[in-house]
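# Architecture and fold: a report
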Amino acid sequence: MTMFLNTIADHCRNQPDKLALQFIDGAPITYGELAKAVNRSADYLLSLGIEPGDRVAVQLPKCLPFIYFHLAAMQIGAIFLPLNPAYPAAELRYFLADSGARLLIADAQDQAKLDPITDALPDHRKTTYLYKPGDSGANWLLDYSPERQYALPSDPDQTAMMLYTSGTTSRPKGAQISHGNLTANIAALHEAWGWREDDALLHALPIFHVHGLVVALHGALHAGATAVLCPAFVAEQALELLRSRRFTVFMGVPTMHRRLYQAAGGRRIDLSHMRLMTSGSDRLPDDLFFGYQEAFNITLLERYGMTETGMNLSNPLRGERRVGSVGMPLPGVSARIVDPETEAPLPAGEVGEVQIKGPHVFKGYWGQPEKTAAAFSADGWLRTGDIGLREADGYFTLKGRAKDLIITGGLNVYPPEVELVLMEHPGVAACAVIGCPDDEWGEQVVAVIIPRAGATVDAEAIIAFCRQDLAAYKAPRRVLFAEEFPANALGKIQKAKLRETCCG
Ligand code: MLC
């Protein structure tokens, strides 16, 4: 197996003058320059004593140094840990402590917030602050010579990166993704989506998730193609760029596609020069699928993945892209539908839990053997917690979720995490967090609260309270008050009933 880092290194050697990366308003970075910047970043990590297996956390806005350190950390066998810049101190403290990160690379702007956190961490060795990481990105370490040759990790089981995913019953868990996982998944996507060296990706996703970092960015670099990056997604700007005919590939979540569609404002804008436009991280609404065909002359390709696996299923590049379906297993991936109680495989057409097997399935949760074991069936299939069915011709359709999970703007929010924070509020006697359907975001986080007797609580204050300890996207958008919750015989809140009465 040629590991994906070797494939990227081959491109750096074989086509050093080819454009690899460029921010929309930044300097071009060729594959040759990319190799130098990554090698120099790797030297820097080694100079700090970073060793294979050490966790290297990076909390930076979307910028070139983020990408350099990402590749550099994996190159020296360390474990890359990307962190959302929107995490407030409480969340960040948890991620750094749980992962035992040795090094944090962060924006100097956040120093006052970060120093008190990292100073208190036993395993932490250093925080490197970058000044204006966005501006300095192009020149970052480019004057580097001589070139040092790195032996890239060759053990497919070695952990390459760790991505935190929230849990239904616990604090977030670090999903360990190996070099072999990444290699298998990127090779499968390369084949299924027909990645080409002359592809140009317009990259508008965040790069601290599997979608923007692995599927999009690794996809382009592994193909020896070019990725042009937007620091943030601005629909009007992205639409102009897509019209410019400079690009062949675009990937987004439904909220981004919705905004692009709205930016067209009823005009017909032909984007059929785009070779591939994909949608994922949440269900693509049918009206958007058809709206895209009408407005842009594009049939979005919907696919299905998750942090623990990368991509699992995809509609075909050639052949029918079926509305409402997430397509078929990628090459090398096995998918089945099982009875949620007995885990017996179900025939086509019957609804059950989606389970996944393949070389792309993650190694396990960091330091959590029981949670890792619980994630798999007795015969080694990953329990996704998603409910769906397989049609007779092999297409899969998702029907819902077995787990208590909200997806807003393509980001997962686990209600228990929000409920824990709400319960800290002195005016809250009981609470339940639910997802209500929302045209723009897919779902909206809504908190239903039973106030403590005698306490006066208002919605604004509750939202502000949550935002102190949770990233803004996890905080409730709406707060409703109730006197009691619908409960089953065991006293468990019936969230489905609550959604019926509260989402309205
Ligand atoms: C931002 N906000 C959100 C939000 N994103 N609220 C709920 N859900 C979200 N996803 C908040 C902001 O903090 C802000 O709060 C307010 O909403 C309005 O912000 P905005 O400027 O309109 O939002 P914007 O920054 O434009 O972000 C929207 C977005 C972004 C859709 C571009 O959410 C995004 O990039 N989503 C993609 C997420 C992603 O990459 N998911 C992949 C996960 S991997 P305020 O009130 O403070 O101003 C995965 C596996 C797989 O799921 O299969 O892909």
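Structure first, text after, so check above.
Computed from a predicted structure; not experimentally measured.

### Quick look at the overall build of the protein
In terms of helices and strands, the protein carries 15 helices and 25 strands. A compact globule built from 504 residues should have a C-alpha radius of gyration of about 23 Å, and the protein, at 23 Å, falls within 12% of that. C-alpha extents for the protein along the principal axes are approximately 70 × 55 × 50 Å. Relative to its 504 residues, the protein shows a buried fraction of 59%. Of all intrachain contacts in the protein linking residues separated by at least 6 positions in sequence, the fraction that spans at least 24 positions is 67%. Approximately 20,300 Å² of the protein is accessible, and the part contributed by carbon and sulfur atoms is 50%.

### Concerning the sheet that holds strand β17 (residues 352–357)
Strand order in the open sheet made by the four strands is β16-β17-β19-β20, with antiparallel pairing throughout. Each end of this open sheet is capped by a strand with a single partner; those strands are β16 (334–338) and β20 (396–401). If you compare each strand with its neighbour and ignore which way they point, the axes differ by 45° on average. By the bridge criterion, five bridges tie strand β19 (residues 382–390) to β20 in an arrangement that is antiparallel. Opposite Ile387, over in β20, you have Gly400 as the bridge partner.

### Concerning the pattern of salt bridges
Considering all chains together, one arrives at 20 salt bridges under this definition. The partner of Lys495 in a salt bridge is Glu419, and the shortest N-O contact between them spans 2.5 Å. Taken together, the positions of Lys495 in helix α15 (residues 495–502) and Glu419 in helix α13 (residues 415–423) put the pair 76 residues apart, joining distant regions of the chain. Residue classification places Lys495 among the buried residues on the basis of a relative accessible area of 13%.

### What about the environment of Arg196?
Following the sequence through the fold, Arg196 ends up in the loop between α7 (179–193) and β9 (200–203). The exposure class assigned to Arg196 is partly exposed, which follows from its relative accessible area of 40%. Sequence separation between Arg196 and Pro231 is 35 residues; the distance between their C-alpha atoms is 24 Å.

### With respect to unusual backbone geometry
Even without being a glycine, Ser281 presents a positive backbone phi close to 80°. Positionally, Ser281 belongs in the loop between β12 (276–279) and α11 (286–296). One non-glycine residue, Glu343, lies in the positive phi region at around 65°. Structurally, Glu343 can be placed in the loop between β16 and β17.

### Digging into the sheet that holds strand β25 (residues 478–481)
Overall, mixed pairing links the three strands, which are arranged β23-β24-β25 in an open sheet. The strands lining the two open edges of the sheet, one partner per strand, are β23 (428–438) and β25. Pairwise comparison of adjacent strand axes, ignoring direction, gives a mean angle of 30° for this sheet. As judged from the four bridges shared by strand β24 (residues 442–451) and β25, these two strands associate in the parallel manner.

### As for α11
Taken residue by residue, α11 has Leu288, Phe289, Gly291, Tyr292, Ala295 and Phe296 as its buried positions. On an axial view of α11, the arc spanned by its buried residues comes to 165°, and they lie on one face. Just beyond α11, the residue with positive phi is Asn297, at close to 60°.

### Focus: the packing of aromatic side chains
Scanning all chains against the criterion turns up 10 aromatic pairs. Aromatic side chains Phe95 and Tyr164 sit 4.7 Å apart centroid to centroid with 55° between the ring planes, which places their arrangement in the tilted category. With Phe95 in helix α4 (residues 89–99) and Tyr164 in strand β7 (residues 159–165), this pair connects stretches of sequence that are 69 residues apart. You'll find Phe95 and Tyr164 in the same group, each marked buried. An aromatic cluster is built from Tyr87, Tyr94, Phe95 and Tyr164, whose rings are joined through pairwise contacts. Cation over ring: Lys173 sits above Tyr365, and NZ or CZ is 4.7 Å from the ring centre.

### A closer look at the site of the ligand
Taken together, 23 residues form the shell around the ligand, and within it Arg259, Ser281, Thr408, Arg467 and Arg477 come nearest. Take Gly410: an N or O atom from its main chain is 2.9 Å from a nitrogen atom of the ligand. In this structure, an oxygen atom belonging to the ligand sits 2.5 Å away from a side-chain N or O atom of Arg477. Within the complex, the protein chains bury 72% of what would otherwise be the 1,000 Å² of accessible surface of the ligand. Elements represented by at least two residues in the shell around the ligand include exactly α8 (210–223), α10 (254–264) and β13 (301–306). Looking at which element gives the most residues to the shell around the ligand, the answer is β13, with three residues. When the residues that make up the shell around the ligand are grouped by side-chain class, the tally is 11 nonpolar, eight polar and four charged.

### Notes on the packing of α10 against α11
Relative to each other, α10 and α11 sit at 40°, their axes nearing to 10 Å. Taken together, the axis directions place α10 and α11 in an arrangement best described as oblique. In this structure, α10 crosses over α11, and the sense of that crossing is left-handed. Residue-level inspection shows Pro254, His257, Arg258, Leu260, Tyr261 and Ala264 of α10 in contact with α11, the latter providing Asp287, Leu288, Gly291, Tyr292, Ala295 and Phe296. When the residues that make up the contact of α10 with α11 are grouped by side-chain class, the tally is eight nonpolar, two polar and two charged.

### Looking at the state of the cysteines
Scanning the entire structure with this criterion turns up one disulfide. Note that Cys436 is cross-linked by a disulfide to Cys503, the S-S spacing being 2.1 Å. Handedness of the Cys436-Cys503 disulfide follows from its S-S torsion of about -80°: it is left-handed. Separated by 67 residues along the polypeptide, Cys436 in strand β23 and Cys503 in the segment after α15 bring together distant segments of the chain. With a relative accessible area of 1%, Cys436 lands in the buried category. With relative accessibility at 16%, the residue Cys503 sits in the buried group. Counting only cysteine sulfurs, Cys466 is the nearest neighbor of Cys431, a cysteine outside any disulfide, at a range of 8.5 Å.

Parameters and conventions
Residues numbered from 1 in each chain as written. Predicted model: local features only at pLDDT ≥ 70, side-chain atom pairs only at ≥ 80, totals over all residues. Heavy atoms only, no water. Helix = DSSP H or I, 4+ residues; strand = E, 2+ residues; numbered from the N terminus. Rg over C-alpha atoms; globule rule 2.2 N^0.38 Å. Buried < 20%, exposed > 50% of the residue type's maximum accessible area, 1.4 Å probe, protein only. Contact = heavy atoms within 4.5 Å. Areas by Shrake-Rupley, 256 points an atom, 1.4 Å probe, with all protein chains shown as cover. Pairing = 2+ DSSP bridges. Axes fitted to C-alpha atoms, helices over the stretch in contact; angles between N-to-C directions. Salt bridge = Lys/Arg side-chain N within 4 Å of Asp/Glu carboxyl O. Arc of directions from axis to C-beta. Phe/Tyr/Trp six-rings, centres within 6.5 Å; stacked < 30°, edge-to-face > 60°. Lys NZ or Arg CZ within 6 Å of the ring centre and 35° of its normal. Near = heavy atom within 4 Å. Polar contact = N/O pair within 3.5 Å; in protein donor to acceptor, adjacent residues only side chain to side chain. Nonpolar A, V, L, I, M, F, W, Y, C, P; charged D, E, K, R; others polar. Parallel < 35°, antiparallel > 145°, perpendicular 65-115°, else oblique. Left-handed = near helix turned anticlockwise from the far one by under 90°. Disulfide = S-S within 2.5 Å.

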